[in-house]
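As a plain string of letters, each chain reads:
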Amino acid sequence: MGGYPNAGAGVLSAVGATPLVELTKLVPGGGFRAFAKLEAGNPGGSIKDRSAHAMLTDAIETGTVIPGRSTVVESSSGNLGIGLAQACRYFDVRFICVVDPRTNTQNIAIMRAYGADVHTVTDKDPATGEYLPTRIRRVRQLVATLPNAYWPNQYANPRNAWAHRTTMREIVDALDGRLDYLLCTTSSCGTLRGCADYAREIGLPTRIVAVDAECSAIFHQPVGRRLIPGHGAAMRPGLYTAGLADEVVHVSDLDCVVGCRRLANREAILAGGSSGAVISALLRLRDRIPDGATCAVILADTGTRYLDTIYDDAWVAAHFGDVTELWKDETVDNAVEVALC
Ligand SMILES: Cc1ncc(COP(=O)(O)O)c(C=O)c1O
């Protein structure tokens with residue numbers, strides 16, 4: 001049989017090698033160039049496909065997970081769950097995802113469509129008032145009681161971070177090695193750790209900017225309620241190490257909405273909440289970025305999973321009031337800057 005070198009073997013061969021595009025309209029008159037890594041191009045629709053694929057294949061290769069016999073159990077608010085649901089289906093591994101009431105119903109439907117079982121915890125942890133500790137407890141219970149069960153534990157699994165060395169390598173290669181700033185959002189810190197490790201290992205001078213949610217515990221903020229899922233964490237992940245980021249920018253839920261809507265209006269890119277976060281962070285830093293610099297932002301997922309929140313005018317008005325002028329009027333750049341600072 002003849003070979004087809006340009007066709008991948010199976011859906012998981014399409015993980016990675018996502019497009020990098022220049023943002024040509026976002027910052028008119030800016031003296032620097034900004035590029036966006038479109039992670040929605042992964043087959044499961046987000047950056048977490050890279051982590052899911054790397055963690056699962058490692059577990060299969062080491063014999064920890066046996067196709068047809070093992071059950072993978074993980075806590076996820078959506079994207080990693082979808083990535084694992086797809087990869088587990090492909091390898092014929094049962095998958096249970098532990099979620100909480102904040103998880104988007106569409107994400108749950110997608111996981112179920114891949115054959116995953118979804119367990120929803122309903123009680124918040126009494127000590128922290130957060131769902132995450134309760135989700136982790138449920139994962140531990142399931143792993144302790146089910147035969148051949150395995151918890152990838154994205155928050156501490158080195159393969160999660162390892163997967164993102166490739167993300168960074170793809171960006172750097174596409175820019176011929178010239179990258180002055182990288183902005184990426186944080187939750188498990190897999191993206192941040194993998195990108196930072198790769199940059200430092202090959203001696204790049206890139207300034208790594210971590211973009212985290214206000215009220216996220218990763219960089220010492222007091223933990224509080226966050227509306228937009230994806231980035232931020234209620235506990236500091238095991239993958240975090242001091243000095244990972246050269247700089248941290250904290251963004252609010254409204255910053256995410258404004259960043260997303262602005263990206264859609266200006267660049268015709270429909271991206272998820274954490275992408276709005278990095279766009280807002282880039283706009284906040286813009287006066288400090290020297291002329292001629294090259295910046296990259298990682299857009300972690302697609303906006304189609306946020307149509308009934310970030311892209312729904314009624315939802316936005318209910319949570320933030322009438323803020324549409326922050327992105328609708330082309331003449332309000334100054335107002336946007338005020339709102340973002
Ligand atoms: C939409 C989105 N953005 C950003 C992140 C953060 O990525 P990481 O877990 O690599 O820190 C996640 C993680 O789940 C995510 O789903």
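Residues numbered from 1 in each chain as written. Predicted model: local features only at pLDDT ≥ 70, side-chain atom pairs only at ≥ 80, totals over all residues. Heavy atoms only, no water.

> What exactly am I supposed to notice about the environment of P133 here?
Residue placement: P133 occurs in helix α4 (residues 132–145). Through-space distance from the C-alpha of P133 to that of A210 is 24 Å; in sequence the pair is 77 residues apart. If sequence neighbours within four positions are ignored, P133 has contacts with D125, T128 and M235. (Helix = DSSP H or I, 4+ residues; strand = E, 2+ residues; numbered from the N terminus. Contact = heavy atoms within 4.5 Å.)

> How do you make sense of the site of the ligand when you look at a structure like this?
Neighbouring residues of the ligand: 14 residues in total, closest K48, S187, S188, T191 and S274. In the environment of the ligand, an oxygen atom lies 2.6 Å from a nitrogen or oxygen atom belonging to the side chain of S188. Measuring from a nitrogen atom of the ligand, one finds a side-chain N or O atom of S274 at 2.7 Å. About the coverage of the ligand: the protein hides 96% of its 390 Å² of free accessible area. (Near = heavy atom within 4 Å. Polar contact = N/O pair within 3.5 Å; in protein donor to acceptor, adjacent residues only side chain to side chain. Areas by Shrake-Rupley, 256 points an atom, 1.4 Å probe, with all protein chains shown as cover.)

> In this structure, what is going on with the packing of aromatic side chains? I would like to understand it.
Remark: the centre distance and the inter-plane angle together describe each pair of aromatic rings, the angle taken between the planes. Inspection of the entire model under this criterion finds three aromatic pairs. Consider the rings of Y90 and F91, whose centres lie 5.4 Å apart with planes at 80°: the pair is edge-to-face. On the basis of relative accessibility, which here comes to 42%, the residue Y90 falls in the partly exposed class. Judged by centre distance (6.2 Å) and plane angle (70°), the rings of W315 and F320 are edge-to-face. When its relative accessible area of 16% is taken as the criterion, W315 is described as buried. Between R159 and the ring centre of W162, over which it is positioned, the NZ or CZ distance is 3.9 Å. Directly above the ring of Y240 sits R236, whose terminal nitrogen or CZ lies 4.0 Å from the centroid. (Phe/Tyr/Trp six-rings, centres within 6.5 Å; stacked < 30°, edge-to-face > 60°. Buried < 20%, exposed > 50% of the residue type's maximum accessible area, 1.4 Å probe, protein only. Lys NZ or Arg CZ within 6 Å of the ring centre and 35° of its normal.)

> Could you clarify how one ought to interpret the pairing of strand β7 (residues 181–185) in this entry?
Where burial is concerned, most of β7 is hidden: five out of the five residues are buried. Covered by surrounding structure in β7 are Y181, L183 and T185 together with L182 and C184, the residues of both alternating faces. Judged from the five bridges that link them, β7 and strand β8 (residues 207–213) form a sheet pairing that is parallel. Paired with C184 across the two strands is A210, which belongs to β8. The β-α-β motif built from β7, the intervening helix α6 (residues 190–201) and the parallel element β8 has right-handed crossover chirality. In this structure, β7 lies alongside strand β10 (residues 294–299), joined through three bridges in parallel fashion. When the bridges of β10 are listed, L182 appears paired with A296. (Pairing = 2+ DSSP bridges. Right-handed = clockwise from strand over helix to strand, strands pointing away.)

> How do you make sense of the domain arrangement of the protein chain when you look at a structure like this?
It is common to report an interface's size as the accessible area lost on association of the parts. Taken domain by domain, the protein chain consists of domain 1 (11–41 + 160–340) and domain 2 (48–150). Domain 1 and domain 2 are separated by 25 Å when their C-alpha centres are compared. Overall, the association of domain 1 and domain 2 removes approximately 2,000 Å² of surface from exposure, summing both partners, and the carbon and sulfur fraction of that is 54%. A per-residue breakdown of the area domain 1 buries against domain 2 is headed by L12, V15 and R305, which together make up 34% of the total. (Domains from an automatic or database assignment. Buried area = accessible area lost by both parts, 1.4 Å probe.)

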